Amino acid sequence: MSVRVDQRRDPRPELDTYNKAIKLSSHVMSVAKPKEEKPNSHHIPKRMANIGKMMVDLTLDIGADILEANEGYYVGSNVPTKTLIKRYEDRVELEEHALKMTFRLEHIYRVLNDNHRLAESTNKYMMDLIDELRAVLTKWIRSEKTKATSLAKSVDSGVRVE
């Protein structure tokens, strides 16, 4: 049974973030692929292949950080609370690094676009993807920090929170 669009809940940020990163990587790889013959405004020119490679490398690093942060998400119920807090903090660190990388990606893309005008539709789609990824990363970071804070409070009070 399907759910009406206005009644759907947002997917959990840790699950949605990787999907957004894959979408961004796919688009970057298609744009960064230099055109051999007849370059068009949807691809970077062959002479700027190094910039394209930097963009692809950044998106792969972002995806790797997100995957690594996701890997430690399901940890079981018999883990000491202090270990859980440390894992939350480690994940937040990875998520914040991925967020910083989106700013680097945007900067490189804007410099590329200043030197070689890409199609307006390509620019808009790229910026939308970067903004969406930043939004879910920010939401995920906030969620992880809240969980870590509530766990830390439970340690201080002597009560375990799940």
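Residues numbered from 1 in each chain as written. Predicted model: local features only at pLDDT ≥ 70, side-chain atom pairs only at ≥ 80, totals over all residues. Heavy atoms only, no water.

Q: Help me get a handle on the environment of glutamate 132, residues and values and all.
A: Note that glutamate 132 resides in helix H4 (residues 120–157). Taking the C-alpha atoms as reference points, glutamate 132 and lysine 20, separated by 112 residues in sequence, lie 7.2 Å from one another. (Helix = DSSP H or I, 4+ residues; strand = E, 2+ residues; numbered from the N terminus.)

Q: Break down the packing of aromatic side chains for me, citing the residues and quoting the values.
A: Summed over all chains, the structure comprises zero aromatic pairs. If you follow arginine 134 out to its NZ or CZ, it ends over the ring of phenylalanine 103, 3.9 Å from the centre. (Phe/Tyr/Trp six-rings, centres within 6.5 Å; stacked < 30°, edge-to-face > 60°. Lys NZ or Arg CZ within 6 Å of the ring centre and 35° of its normal.)

Q: Pulling in residues and values, what's your account of the pattern of salt bridges?
A: Tallied over the full model, the rule gives ten salt bridges. Across the pair glutamate 132 and lysine 20 runs a salt bridge, and its minimum N-O distance is 3.4 Å. With glutamate 132 in helix H4 and lysine 20 in helix H1 (residues 13–32), the pair connects residues that are 112 residues apart, well separated along the chain. Exposure remark for glutamate 132: the relative accessible area of 30% places this residue in the partly exposed category. (Salt bridge = Lys/Arg side-chain N within 4 Å of Asp/Glu carboxyl O. Buried < 20%, exposed > 50% of the residue type's maximum accessible area, 1.4 Å probe, protein only.)

Q: Residue-level account of the nonpolar core, with values.
A: The nonpolar side chains of a soluble globular protein tend to be buried with one another. Leu24, Met55, Ile66, Met126 and Leu133 are the most contacted members of the largest nonpolar core, which totals 32 residues. Listing elements by their share of this core, those giving two or more residues are H1, helix H2 (49–71), helix H3 (81–115) and H4. If we skip the residues at most four places from it in the chain, isoleucine 66 touches Thr17, Tyr18, Ala21, Ala98, Leu133, Leu137 and Trp140. Listed in part, the six residues of the second largest apolar core include Leu84, Ile85, Tyr88 and Ala148. (Core = buried A, V, L, I, M, F, W, Y, C linked by side-chain atoms within 4.5 Å. Contact = heavy atoms within 4.5 Å.)

Q: I'd like to hear about H2, residue by residue, with values.
A: Taking 1.5 Å per residue as the helical rise, H2 with its 23 residues ought to reach 33 Å, and the 33 Å between its terminal C-alpha atoms agrees with that figure. Taken residue by residue, H2 has Gly52, Met55, Val56, Leu58, Thr59, Ile62, Gly63, Asp65, Ile66, Ala69 and Asn70 as its buried positions. (Expected span 1.5 Å × (residues − 1).)

Q: Give me the lowdown on the environment of lysine 86, citing residues and values where you can.
A: Looking at where lysine 86 falls in the secondary structure, it is placed in helix H3. For lysine 86, a relative accessible area of 45% corresponds to the partly exposed category. The spatial distance from the C-alpha of lysine 86 to the C-alpha of alanine 148 is 8.3 Å, given a sequence separation of 62 residues. Here aspartate 90 takes part through its side chain, which lies 2.8 Å from a polar atom of the side chain of lysine 86. (Polar contact = N/O pair within 3.5 Å; in protein donor to acceptor, adjacent residues only side chain to side chain.)

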